[in-house]
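Listed below are the residues making up each chain.
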Amino acid sequence: MLYILEDAINGILMGSIYGLAALGLTLIFGVLKVINFAHGSLLMVSMYVAYWTITLSGLHPYVALVIVVPIMFVFGYFLQDIVIKPIFKAEKNVREPITVIIVTTGVWYILDNLTLLIFGPQYRTLQDNPLRGKMLEIGEFMLSVPKLWGFGAAVLTTLAVYLFLQKTDTGRAIRATSLDREAASLMGINAYKIYNLAFGIGTATAGVAAVTLVPFNNVFPTVGVLFDIKCFIIVVLGGLGSIGGALLGGIIIGLIESIAPQFMAATWAEAIVYGLFLLVLFVKPAGLFGVKNDW
Amino acid sequence: MKILEKIAVPVVAFSLLIGTALLAQAENVKIGNIEPMSGPSASLGQQGKAAREMAVEEINAAGGIKSLGGMKLELIYADSESKPEKGVAEAERLINTEKVHILSGCWNSAVTYPTTAVAERYGIPFVVPVSVADKITEQGFKTVFRIAAKDSWWTRDQFAFLKDMETEFNSPIKKVAFVYENGDWGTGFATQWKELAKKAGYEVVLDEPYPSTSTDLSPVVQKIKRARPDVLMLVSNAADAILLTNTIAEYNVKLKAIIGSGGGHADPSFLKATGKNATQIFDIVEWETDVNKPGAKEANEKYKAKFGQNFSGEAVDAYLAMYVIKDALERSASLEPAKIIEALRATDLSSGPGMIVGYDKVAFDQTGQNKHAALVIVQVNDVGKGLERITVWPKTARRAGYTPVFPMDVK
């Protein structure tokens, strides 16, 4: 019984970090109505930025947020502004701009390969930092300290994004655009600017996720791919565009990944995750916490 | 211009004629090498080429094949691009057009397998330095000779090593755990492990395939911890090897030994990314630069100076292959394929410049497999120069002055 509790807590901690990683994806989808295939790569770039910031400055990983988050916001903002916006404009009369999806796939490949070129295929982990390898031990009970920090970061970031969207004018403008682009434009909202902003915020949350991940995970050029698939599943599970759904979806995946292997081979645990994903698509296509929407 | 042409054409033609006549006179032993010179395995093909060149240069400089009047070895290369059909076509061309006496290659098992069949059809000896698929020497062919240990011997040697450790340190092993990536490679190893564990009388307390793409391996590590094995055996790719090693250290799992199977544990970035968490882990490899064999260090220095990198297991096998061929030619004293094959079959090589491998002898069994081939087991440890891989097994190849740490005593 104690084992299960230990596994469940680990699952919730790890799952919240998955949810945080998926937050940007769901936000960008909610506003732009585009599946951003480059999301994993943005997470990967964030991990490199976080890794180098922490390694070169010797700061506590979470102090590095001050540097990583603004960098990633600017990166996302201009990636949308320079690379993706022109395609949007070219396809502005199309309801579902498929070409944009293809462009994000291109961005994914370019980012992954650029990183490979610049940093090589090496696997990197943070050495000697205050969080690395720290465990909270209560008798037989062991919890990873960097994951606890990650859990805190995930909950706070999700809350912050939610409040930002609910309470601020800019947040309202983003929600208005996501509900109806045409109507929002008529009200004087510059939709493209909102897109830039949403993309910037989405990428910045990937920056937060990266900071939570680097103290205990590897950094390498294709690390984004591992999280990519997980993020898609989480976002669909939680409901496309739902902010809180991302966190909850992440925690569900984390719990399955952590508890199921104790009863079967870890390979089967993965199969259960995908099985659940399909089941949700069949039964509740809008996701567990999503609203039915005209997407 | 006209005049120039009138002079030039006959002059060129004449010199070409003399040139070919001269070449024809000084016949060499032609060794056809099919290697992946381009494509995904190109770097391995290049290593094989470099090692062969170094060996042949040495052999020729030392007077070539004495029993054939100082005849020189000549290397001819063909690119397989790692494609089986390309390997087969190149073997045909090397035999029929280039008239090679011996074939060698092809690194990729998938290429070597069908290509050896071509050599068998023509009765041309085929020396395989390093394709490891078991089936290559299990086709009943008479012309195939493999120097490296085959695939199934990796697991055989891991268990032989464990038995030797039990005896040497008088520390019995009872329970083993198998944790491996769930692809072909990992599950293949695990199938053999289970057989071997049964024979060795070990109890298997955990048999866990996991997806290599896992982003969190703490659930698997928890399982290992709760199963309380003496020895943990792993097959991992790079990212998961690092993640497992670090997580095992974090959860403070107590084990007598952790044994990797190359792959991720041998990845150049593994030691850097795990740091001291990798201390005292064992890993199995084809070869390590510190093997305690006469000439190994010097040969590696020379190779490094020439080609800018350390000998790899593949390169060492290719290097040795040239010396095995030389040894056979000395005894066959003939270029007739049947005679060379006969000489290869009678090979009993235990010394000389090529013998820098971890095992002590090259001699082929009925199938053409070098029956003395074995892998090398290393232990990661810090003996004053930072973490490094130190050869510990076979005992004859163990680094001088190093005693393996068994059971592990790191926190």
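Residues numbered from 1 in each chain as written. Chains lettered and ligands numbered in written order. Predicted model: local features only at pLDDT ≥ 70, side-chain atom pairs only at ≥ 80, totals over all residues. Heavy atoms only, no water.

### Here's the deal with the overall build of chain A
- When helices and strands are counted, chain A shows 11 helices and 2 strands.
- Start at the N end of chain A and walk to the C end: the helices and strands fall as α-α-α-α-β-β-α-α-α-α-α-α-α.
- Taking 2.2 N^0.38 as the reference for a compact globule, 295 residues should give roughly 19 Å; the C-alpha atoms of chain A span a radius of gyration of 19 Å, in line with that estimate.
- Seen through its principal axes, chain A has C-alpha atoms that stretch 60 × 45 × 35 Å.
- The buried share of chain A, reckoned over its 295 residues, is 56%.
- Considering only intrachain contacts with a sequence separation of at least 6, the fraction spanning at least 24 residues in chain A is 77%.
- Only carbon and sulfur atoms are counted for the fraction: they give 72% of the accessible area of chain A, which is about 12,700 Å².
- Within chain A, the 16 negative side-chain charges are centred at a point lying 9 Å from the centre of the 17 positive side-chain charges. (Helix = DSSP H or I, 4+ residues; strand = E, 2+ residues; numbered from the N terminus. Rg over C-alpha atoms; globule rule 2.2 N^0.38 Å. Buried < 20%, exposed > 50% of the residue type's maximum accessible area, 1.4 Å probe, protein only. Contact = heavy atoms within 4.5 Å. Areas by Shrake-Rupley, 256 points an atom, 1.4 Å probe, with all protein chains shown as cover. Lys, Arg positive; Asp, Glu negative; His and termini not counted. Charge placed at Lys NZ, Arg CZ, Asp CG, Glu CD.)

### Some remarks on the interface of chain A and chain B
- With 32 residues of chain A at the contact, the number on the chain B side is 31 residues.
- Summed over both partners, the interface of chain A with chain B buries about 2,600 Å², with 48% contributed by carbon and sulfur atoms.
- Here chain A is connected to chain B by 3 salt bridges.
- One salt bridge in this structure joins A:Lys147 and B:Asp216, with 3.0 Å as the shortest N-O distance.
- Across the chain A-chain B interface, the total number found is 22 residue pairs in polar contact (both at pLDDT 80 or more).
- Per-element tally for the side of chain A that touches chain B: the top contributor is helix α1 (residues 2-32) of chain A, with 6 residues.
- Among the residues forming the side of chain A that touches chain B, the class breakdown is 14 nonpolar, 10 polar and 8 charged. (Buried area = accessible area lost by both parts, 1.4 Å probe. Salt bridge = Lys/Arg side-chain N within 4 Å of Asp/Glu carboxyl O. Polar contact = N/O pair within 3.5 Å; in protein donor to acceptor, adjacent residues only side chain to side chain. Nonpolar A, V, L, I, M, F, W, Y, C, P; charged D, E, K, R; others polar.)

### Observations concerning empty space enclosed by the protein
All names here are of chain B.
- According to the stated counting rule, one finds 5 cavities of 30 Å³ or more in the structure shown.
- Approximately 100 Å³ is the volume attributed to the largest cavity.
- No other element matches the 4 residues that helix α8 (residues 238-250) contributes to the lining of the largest cavity.
- Partitioned by chemical class, the residues of the lining of the largest cavity number 4 nonpolar, 5 polar and 3 charged. (1 Å grid on protein atoms, 1.4 Å probe; cavity = no way out; pocket = protein on both sides within 12 Å on 5 of 7 lines; lining within 4 Å. Points joined across faces, edges and corners; volume = space filled by probe spheres on them.)

### Quick word on the nonpolar core
- Counting 118 residues, the largest nonpolar core has A:Leu32, B:Val179 and B:Leu232 as the members making the most contacts within it.
- Broken down by element, the residue count for this core peaks at 13 residues, all from helix α8 (residues 191-213) of chain A.
- Beyond its immediate chain neighbours, meaning those up to four positions away, A:Leu32 contacts A:Gln80, A:Phe88, A:Tyr195, A:Ala198 and A:Phe199.
- Within the second largest apolar cluster, 85 residues are counted, among which are B:Ala51, B:Met54, B:Tyr180 and B:Ala190. (Core = buried A, V, L, I, M, F, W, Y, C linked by side-chain atoms within 4.5 Å.)

### Notes on the sheet that holds strand β1 (residues 29-35) of chain B
Residue and element names in this part refer to chain B.
- The sheet built from 5 strands is open, its strands ordered β2-β1-β3-β4-β5 with parallel pairing. Of all the strands in the sheet, just β2 (73-79) and β5 (144-146) have a single pairing partner and so form its edges. If you compare each strand with its neighbour and ignore which way they point, the axes differ by 25° on average.
- In terms of strand pairing, β1 meets β2 through 7 bridges, oriented parallel. By the bridge assignment, Glu35 is partnered in β2 with Asp79.
- Sitting on the sheet, helix α2 (residues 42-61) touches β1, β2 and β3 (102-105), and the angle it makes with β2 is about 170°.
- Contacting β1, β2, β3 and β4 (126-128), helix α11 (residues 313-332) crosses the sheet at an angle of about 150° to β1. (Pairing = 2+ DSSP bridges. Axes fitted to C-alpha atoms, helices over the stretch in contact; angles between N-to-C directions.)

### Overview of α8(A)
- Given a rise of 1.5 Å per residue, 23 residues ought to cover 33 Å, and the 33 Å separating the end C-alpha atoms of α8(A) matches this to within 8%.
- The buried fraction of α8(A) amounts to 22 of the 23 residues, a majority that puts the element mostly inside the structure. (Expected span 1.5 Å × (residues − 1).)

### Some words on the domain arrangement of chain B
- The domain boundaries assigned to chain B delineate domain 1 (23-149 + 293-345) and domain 2 (153-285 + 375-397).
- For domain 1 of chain B versus domain 2 of chain B, the separation of C-alpha centres amounts to 33 Å. (Domains from an automatic or database assignment.)

### Things to note about the side chain of A:Arg124
- With respect to the secondary-structure elements, A:Arg124 resides in the loop between α4 (98-119) and β1 (135-138).
- Salt bridges are absent for the buried A:Arg124, whose nearest opposite-charge side chain, B:Asp267, sits at 10 Å.
- Among the polar contacts made by the side chain of A:Arg124, one reaches the main-chain carbonyl oxygen of A:Phe119 at a distance of 3.3 Å.
- If we skip the residues at most four places from it in the chain, A:Arg124 touches A:Tyr48, A:Tyr51, A:Trp52, A:Phe119, A:Asn217, A:Asn218 and A:Val219.

### Considerations on the pattern of salt bridges
Residues and elements named next belong to chain B.
- According to the stated counting rule, one finds 31 salt bridges over all chains in the structure shown.
- With a shortest N-O distance of 3.3 Å, Glu288 and Arg389 are connected by a salt bridge. Linking Glu288 in the loop between β10 (282-285) and α10 (296-307) with Arg389 in strand β12 (residues 387-393), this pair joins segments that are 101 residues apart in sequence.
- Owing to a relative accessible area of 13%, Glu288 belongs among the buried residues under this scheme.
- The buried category is assigned to Arg389, whose relative accessible area is 15%.
- The partner of Lys326 in a salt bridge is Glu330, and the shortest N-O contact between them spans 3.8 Å. In this pair, Lys326 and Glu330 both sit in helix α11, 4 residues apart, roughly one turn of the helix.
- Owing to a relative accessible area of 21%, Lys326 belongs among the partly exposed residues under this scheme.

### Considering the packing of helix α5 (residues 145-167) of chain A against α8(A)
Residues and elements named next belong to chain A.
- One way to put it is that α5 packs onto α8 with a least axis distance of 9 Å and a crossing angle of 165°. Judged by the inter-axis angle, α5 sits roughly antiparallel to α8. In this structure, the crossing between α5 and α8 has a hand that is right-handed. In contact with Gly150, Ala153, Thr157, Val161 and Phe164 of α5, α8 contributes Ile201, Thr205, Val208 and Thr212.
- Considered class by class, the residues forming the contact of α5 with α8 number 5 nonpolar, 4 polar and no charged. (Parallel < 35°, antiparallel > 145°, perpendicular 65-115°, else oblique. Left-handed = near helix turned anticlockwise from the far one by under 90°.)

### Re the pairing of β1(B)
Residues and elements named next belong to chain B.
- Most of β1 is tucked away, with 6 of its 7 residues classed as buried.
- The β-α-β motif built from β1, the intervening α2 and the parallel element β2 has right-handed crossover chirality.
- As paired strands, β1 and β3 are joined by 4 bridges and run parallel to one another. If you follow Gly32 over to β3, its bridge partner there is Leu103. (Right-handed = clockwise from strand over helix to strand, strands pointing away.)

### Focus: the packing of aromatic side chains
- Within this structure, the stated rule accounts for 25 aromatic pairs over all chains.
- Aromatic pair B:Phe161 and B:Trp393: ring centres 6.4 Å apart, planes at 80°, arrangement edge-to-face. Taken together, the residues B:Phe161 in helix α5 (residues 152-169) and B:Trp393 in strand β12 connect sequence positions 232 residues apart. Residues B:Phe161 and B:Trp393 agree in their burial class; the two are buried.
- Put simply, the rings of B:Trp287, B:Tyr303, B:Phe307, B:Phe311, B:Tyr319 and B:Tyr323 touch in pairs and so form one group of aromatic residues.
- One Lys or Arg, B:Arg156, reaches over the ring of B:Trp153 and ends 4.1 Å from the middle of that ring.
- For B:Arg226, the ring lying beneath its charged end belongs to A:Tyr3, and the centroid distance is 4.0 Å. (Phe/Tyr/Trp six-rings, centres within 6.5 Å; stacked < 30°, edge-to-face > 60°. Lys NZ or Arg CZ within 6 Å of the ring centre and 35° of its normal.)

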